[in-house]
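Analysis of the macromolecular model
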Amino acid sequence: MVNYSLLMARLNVRKTYKLYINGEFPRTESGRYYPIHTATGGELLANACRGSRKDLRNAVQAARKAFPAWSGKTAYNRGQILYRIAEVCESRAAELAREIQLLGSSASEAAKEVSRTIDRWVYYAGWSDKYPQLFGSVNPVAGPYYNFTVPEPTGVVGVVGPETPALLGLVSRIAPALVGGNTVVAITSESRPLPSITLGEVFATSDIPAGVVNLISGIKNELVPWLASHMDVNAIDTTGVDESELAALEKAAAENVKRLVRFDAAAIGWDDARRSQSPYAIAEFQEMKTVWHPMGM
Amino acid sequence: MTETAIAPNLSRAVAPYRRALADALELAIPVDAVAAEERAASLAKRSLKKDSKVWGLKLAISMMDLTTLEGKDTRGKVYALCQKAVRPDPSDPEVPPVAAVCVYPTMVSFVKSALGQSGVKVAAVATGFPSGQTFPAIKIAETRQAVAAGADEIDMVIDRGAFLSGHYQHVFDEIADIKEACGPAHLKVILETGDLGNYDQIRRASMIAMFAGADFIKTSTGKVGVNATLPITLVMLECIRDFYHLTGKKIGMKPAGGISNSKLALAYLVVLYETMGPEWMTSDLFRLGASSLLNDILMQLRKERTGAYQSGDYFTLD
Amino acid sequence: MTRNEKNRETLERLAPGPASPAVINWEYSASLESTDHVSIAPRHNLFIGGRFVEPHSKKWFSTINPATEEELSKVAEGDAEDVDRAVREARRAYEKSWRKLSGTERAKYIFRIARLIQEKSRALAVVETMNGGKPIKESRDIDIPLAAAHFFYYAGWADKLEYAFPNRNVSPIGVAAQIIPWNFPLLMAAWKIAPALAAGNTVVLKPAETTPLTSLMLAEIIQEAGLPPGVVNIVTGGPAAGAALSSHPGVDKIAFTGSTEVGKRIERAVAGTGKRLTLELGGKAPNIVFEDAPLDQAVEGIVNGIYFNQGHVCCAGSRLFVQESVAEPVLRKLRQRIGTLRVGNPLDKNTDVGAINSQAQLDKIRELVQSGTDEGAEIFQSSCSLPQRGFWFPPTFFSGVAQSSRIAQEEIFGPVLSVLTFRTPEEAIERANNTPYGLSAGVWTEKGSRILKMAQKLRAGVIWANTYNKFDPTSPFGGFKESGFGREGGLHGLAPYVMLS
């Protein structure tokens, strides 16, 4: 007898979690994967891409290429694009929360993390045309010169996202880099990559140009050393790097005098309205440029 | 004749004297005020030891256009000045005569006879000095008469009104006409830099004057608020240098007014030397227009000779 | 007759220029800064815990005058033991006195230092020149006054820190290790010490091996100013002392100015320690001259950019990019101007270019200049005569330089300019930024909008537009990319010395 009920039931379409590089969703060039299970039942949720150094290389290339246009956009424009990301996040809030929950958070925790994540985009969106006024200056030099200092983006920033909160932690670190005109190559939470990869879909459907932000999932130990030694990466946010791995990363980073930034999540946490988000986080990925010009007739 | 476009920086053989005003304006490149002033200030800090100082002060005297340009000038006053010009310090035969005595046209023939065979030149201001606001025919006639009366050199003023309103051709033509009227006399063109507003304009006026036939370019009449300064002189010398490079013709420079002490006179010589080199260190190519400077230099020279600081009581006021 | 015909006729009438006698022998006599008011002790000790103490090694090394190669004094050779002692003294001073002192009191100490430098400025200038080889007019008019100004500027910040960092609590970091170079010895000490003290930190400073003397005079000034013992410690010595200092576990913050190579070494040494770090490293700055530039002033800027302090300047404008349409006049003027540069006795007030700081540096310059010649660039050198003794190198430039040649890529740190040409602004930007360095850049053009666009596009921390090599305590200084990170000067110069919470 034919089991009609089985035939009638609709098979759900599973999502393939891929990388997000240059505005596209490639599989890792290595063809490798690693399984992601639910926190509780050990049920397989997805086979995440086990990104390789070549994926990283492609991402850095894309980020470098995107840098001039992104840093050249008006502050107002960058602010609107970040706000747009918040809007799209909002519309995907349920999906993001479900992924967070499946990976081990309670429903209320997951909802709270998504809300905070969205609010963080809004917060940094609003800073786009304000932080230069905060960190720039006109300097009263002792001579007939007009002298001013303006913040400018550092360039290509590597961000190693924390393991948890995977989404809020990552966004808290990439949003200040992006609003300041940097382009980003981020390594997602190794154990909980799914919401971060979905974040790629948010980017893809918002207005952020291809290459401005790139997301690589995989095994951190395989990826971080390549990021650290990459000569075309100007700065690294090491927030998601284990204390034990830090020395090796920082040594490698010295080869092209990378700026190293590390958010002290253990001390501050991710919920402190004053310290887990602030314009000082934007300034960490800014270079101060000082311009002199004579004043004469 | 059609206008043939010739790039200004071609060879000296081809380029000269075509498109004269256009060339002048093309060489009137911008000047950065702060940097020019800094350069002049740094040159003023050059320090000279005794030998160079004494040598320089004597050179400064030999470059001096001893000047009196007052409504109350009389023969008596001018005669005394001529005496001083020929023998600035009767007690010291090493002190050379000045380069020229500079007076109003009516004094020219008198000065000429007073100076006799001393070799000191007679310079006359002309062309409606100091404003230049009179009729072209009168300017030409005044120049001719001054030369006829014996002037070796004519110090003309440019028409600043025309210059500032952009009528460069008018300024150019007037200078050329006066040059023609000068005949054998040398022409110094006073830009009245204090009226021009900035260094860009000074450079433009300098170029126009040289292309129009000036033998010297001169800063000031001494009748406006701002007279010669070191940076203005530096900028004008740089013009002379560029003009020389293009045409091979050496133009003289005359800062005038406000050069009242020895230290400043030496600073002018430093600017001259560092900008133009030793070739320009001659009264044929550099003059200092001054009146009170001479006594200060004489006092300084005597101090160097005797070792004692001097008093004005011992130097004649002429 | 057209106007142009008239113009031409007018000009054709011109008589040839008057004959010039040109027999003049106008030269500046040597005008030596007097040194009789300066006495340099035959031997110098370390300044640790407010006292001058003998080094653990019981060794003293010779410090010389690079213009004469004569010994000026013997200076203590500090080692790891001395560094350790200095760090402990700095820690004690930090915990016991300095961090507890109110900002107002700290300010007054720092103001005192500024005033004492002003009072002793001539002696400091003379010693700076004798020990480093730089012209007295530079040490007198630039290094020493700016050093005093830096202390004066940061003194005023000491009791105003909460206004510098809105919405944050400001506290000092602790013990700052500061390692400085030999090109601006006292000025670099001031750049390092002044903001550190203002923010409430204590300091261990290591001066460069070849130029320790003015730092030790600063130690005396600090003593005279009555600073609590140990707030500033000065350990002289060689690379071993520097390495000991940068790797000392008792140090909370490291500030280094020097070569990119050593900077990277320090960044590696600091890796994983959590110490705060700022680096001010090398450069290969582009100085870009557009065809509409004020050319005579641009030439001054080119000369000041590369021959100031013998080119021993990290931000030296060592790559000249000149627009092809004005390359001829610019190079002509440059040659003429170089001919007027006076190279010689640094104590002569008329000297423009002094002595190369050391034999080692001279060797490095010669080697790179040789490579320039070997690679086929055309060399122009001032024909000035050089003294027999001492370390000297004439002002030099290369034209016809390829972007890829060593002299266009490597920092020479000497009076050697590489001249390249460009055709369009885009080309200039692209080639100017085509370097791992990013400390400074120069732009010369009269067009305002172009200045601003260039200033925006050039990837460098300091942009001098229609000027070059200007410094001020209020003006942040520091690099992009491999030229380092962190800023010195201005409000931004406080940030490396504070903790925000």
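Computed from a predicted structure; not experimentally measured.

Regarding the overall build of chain A
When helices and strands are tallied, chain A shows 12 helices and 10 strands. Against the 2.2 N^0.38 benchmark of 19 Å for 297 residues, chain A shows a C-alpha radius of gyration of 21 Å, consistent with a compact globule. In terms of its C-alpha atoms, chain A occupies a principal-axis envelope of roughly 100 × 35 × 35 Å. Taken over 297 residues, chain A has a buried fraction of 54%.

Quick notes on the packing of aromatic side chains
Evaluation of the coordinates by the stated rule reveals 26 aromatic pairs over all chains. Relative to Phe148 of chain A, the ring of Tyr146 of chain A lies with its centre 6.0 Å away and its plane at 45°, an arrangement referred to as tilted. Exposure remark for Tyr146 of chain A: the relative accessible area of 41% places this residue in the partly exposed category. Relative to Tyr109 of chain C, the ring of Trp98 of chain C has its centre 5.8 Å away and its plane inclined at 50°; by these criteria the two rings are tilted. Here Tyr109 of chain C lies in helix H3 (residues 103-119) and Trp98 of chain C lies in the loop between helix H2 (80-96) and H3, a separation of 11 residues in the sequence.

Some thoughts on the sheet that holds strand E3 (residues 121-126) of chain B
Residue and element names in this part refer to chain B. Read from one edge of the open sheet, eight strands run E7-E6-E5-E4-E3-E2-E1-E8, paired in parallel fashion. The open sheet has two edge strands with one neighbour each: strand E7 (252-254) and strand E8 (288-290). Ignoring strand direction, the axes of neighbouring strands in this sheet form an average angle of 25°. Summarising the sheet, E3 and strand E4 (residues 153-157) pair through four bridges and their orientation is parallel. Directly across from Ala126, in E4, lies its bridge partner Met156.

Overview of helix H3 (residues 75-91) of chain A
Residues and elements named next belong to chain A. In this model, H3 (17 residues) spans 25 Å end to end at C-alpha, consistent with the 24 Å of a helix rising 1.5 Å per residue. Taken residue by residue, H3 has Arg78, Gly79, Ile81, Leu82, Ile85, Ala86, Val88 and Cys89 as its buried positions. Considering only its buried residues, H3 is in contact with helix H2 (53-72), helix H4 (93-102), helix H5 (107-127), helix H6 (131-135), helix H7 (166-179) and helix H8 (194-205).

Section: the confidence of the model for chain C
Scored by pLDDT, chain C comes out at a mean of 94, with 94% of its residues at no less than 70. Low pLDDT, under 50, characterises residues 6-23 of chain C; the stretch is placed with 40 contacts to residues that sit more than four places away or in other chains.

Considering the pairing of strand E16 (residues 416-422) of chain C
Residue and element names in this part refer to chain C. In terms of burial, E16 is largely enclosed, as six of its seven residues are buried. In the sheet, strand E13 (residues 319-323) pairs with E16 via five bridges, with the strands oriented parallel. Bridged to Leu320 within E16 is Val419. Pairing geometry for strand E15 (residues 396-399) and E16, over three bridges, is parallel. Bridge assignment links Phe398 to a residue of E16, and that residue is Ser418.

Considerations on the domain arrangement of chain C
All names here are of chain C. What the domain assignment reports for chain C is domain 1 (43-281) and domain 2 (286-468). Contacts between domain 1 and domain 2 engage 27 residues on the former and 26 residues on the latter. Roughly 2,100 Å² is buried in total at the junction of domain 1 and domain 2, and carbon and sulfur atoms are behind 57% of that figure. Looking only at domain 1, the three residues that lose the most surface to domain 2 are Ala67, Glu69 and Trp182, adding up to 23% of its buried area. A salt bridge links Asp352 to Lys137, with the nearest nitrogen and oxygen atoms 2.5 Å apart. There are 11 residue pairs in polar contact (both at pLDDT 80 or more) connecting domain 1 and domain 2. When contributions to the side of domain 1 that touches domain 2 are tallied by element, the ones reaching two or more residues are helix H4 (121-132) and helix H5 (136-157). Residue classes in the side of domain 1 that touches domain 2 are distributed as 11 nonpolar, nine polar and seven charged.

Some remarks on the sheet that holds strand E7 (residues 213-216) of chain A
Residue and element names in this part refer to chain A. The strand order E7-E6-E5-E8-E9 describes an open sheet built from five strands, whose pairing is parallel. If you trace the sheet from one side to the other, it starts and ends with E7 and strand E9 (259-261), each paired once. Direction aside, neighbouring strands of the sheet carry axes that sit 15° apart on average. Relative to strand E8 (residues 235-237), strand E5 (residues 156-160) is paired through three bridges, and the arrangement is parallel. The residue of E8 that forms the bridge with Val157 is Ala235. Across the sheet, H2 touches E5, strand E6 (183-187) and E7, and the angle it forms with E6 is around 155°.

Brief notes about a nonpolar patch on the surface
Residues Val138, Tyr146 and Met295 of chain A make up a contiguous nonpolar surface patch of about 310 Å² in total accessible area. Tracing the sequence through the fold places Val138 of chain A in strand E3 (residues 137-138).

Concerning the environment of Thr340 of chain C
Within the secondary structure layout, Thr340 of chain C lies in the loop between helix H12 (327-339) and helix H13 (359-374). For the pair Thr340 of chain C and Ala147 of chain C, spaced 193 residues apart in sequence, the C-alpha separation works out to 29 Å.

Structural notes on the pattern of salt bridges
All names here are of chain B. Under the criterion given, the structure shown has 80 salt bridges over all chains. Its salt-bridge partner being Asp92, residue Arg305 comes within 2.7 Å of it at the nearest N-O pair. Of this pair, Arg305 sits in helix H13 (residues 293-306) while Asp92 sits in the loop between helix H4 (75-86) and strand E2 (100-103), and the two are 213 residues apart along the sequence. Given a relative accessible area of 7%, Asp92 falls into the buried group.

Topic: the packing of helix H7 (residues 185-198) of chain C against helix H8 (residues 213-224) of chain C
Residues and elements named next belong to chain C. Packing of H7 against H8 brings their axes to within 8 Å, and their N-to-C directions diverge by 50°. Classified by the angle their axes make, H7 and H8 are oblique. Considering only the axes of H7 and H8, their crossing is right-handed. Residues Pro185, Leu186, Ala189 and Ile193 of H7 pack against Thr214, Ser215 and Leu218 of H8. Residue composition of the contact of H7 with H8, by class: five nonpolar, two polar and no charged.

Details of the environment of Val251 of chain C
You can see Val251 of chain C is positioned in the loop between helix H9 (239-246) and strand E10 (253-257). Look past the residues within four positions of Val251 of chain C in its chain and what remains in contact with it is Val87, Val175, Ala177, Leu245 and Lys275 of chain C.

Details of the environment of Lys223 of chain B
Residues and elements named next belong to chain B. Mapped onto the secondary structure, Lys223 falls in the loop between strand E6 (216-218) and helix H11 (230-247). Residue Lys223 is classed as partly exposed on the basis of its relative accessible area, which comes to 41%. Spatially, the C-alpha atom of Lys223 lies 34 Å from that of Pro93, the residues being 130 residues apart in sequence. In this view, Lys223 contacts Leu69, Tyr104, Phe129 and Pro130; residues no more than four positions away in its chain are not counted. A polar contact is formed between the side chain of Lys223 and the backbone oxygen of Leu69, at a distance of 2.5 Å.

Focus on unusual backbone geometry
For the bond running from Thr164 of chain A to Pro165 of chain A, omega is 0°, close enough to zero to count as cis. By the element assignment, Pro165 of chain A lies in the loop between E5 and H7. The linkage connecting Phe129 of chain B with the following residue, Pro130 of chain B, adopts the cis geometry, with an omega of 0°. In this fold, Pro130 of chain B is placed in the loop between E3 and helix H6 (136-148). One non-glycine residue, Asn466 of chain C, lies in the positive phi region at around 55°. Note on placement: Asn466 of chain C falls in the loop between strand E18 (462-465) and strand E19 (484-485). Residue classification places Asn466 of chain C among the buried residues on the basis of a relative accessible area of 2%.

Here is what the cut-offs are and how they apply
- Residues numbered from 1 in each chain as written.
- Chains lettered and ligands numbered in written order.
- Predicted model: local features only at pLDDT ≥ 70, side-chain atom pairs only at ≥ 80, totals over all residues.
- Heavy atoms only, no water.
- Helix = DSSP H or I, 4+ residues; strand = E, 2+ residues; numbered from the N terminus.
- Rg over C-alpha atoms; globule rule 2.2 N^0.38 Å.
- Buried < 20%, exposed > 50% of the residue type's maximum accessible area, 1.4 Å probe, protein only.
- Phe/Tyr/Trp six-rings, centres within 6.5 Å; stacked < 30°, edge-to-face > 60°.
- Pairing = 2+ DSSP bridges.
- Axes fitted to C-alpha atoms, helices over the stretch in contact; angles between N-to-C directions.
- Expected span 1.5 Å × (residues − 1).
- Contact = heavy atoms within 4.5 Å.
- pLDDT = per-residue confidence, 0-100.
- Domains from an automatic or database assignment.
- Buried area = accessible area lost by both parts, 1.4 Å probe.
- Salt bridge = Lys/Arg side-chain N within 4 Å of Asp/Glu carboxyl O.
- Polar contact = N/O pair within 3.5 Å; in protein donor to acceptor, adjacent residues only side chain to side chain.
- Nonpolar A, V, L, I, M, F, W, Y, C, P; charged D, E, K, R; others polar.
- Patch = residues over 30% accessible without salt bridge, like charges linked within 9 Å, V, L, I, M, F, W, Y side chains within 5 Å.
- Areas by Shrake-Rupley, 256 points an atom, 1.4 Å probe, with all protein chains shown as cover.
- Parallel < 35°, antiparallel > 145°, perpendicular 65-115°, else oblique.
- Left-handed = near helix turned anticlockwise from the far one by under 90°.

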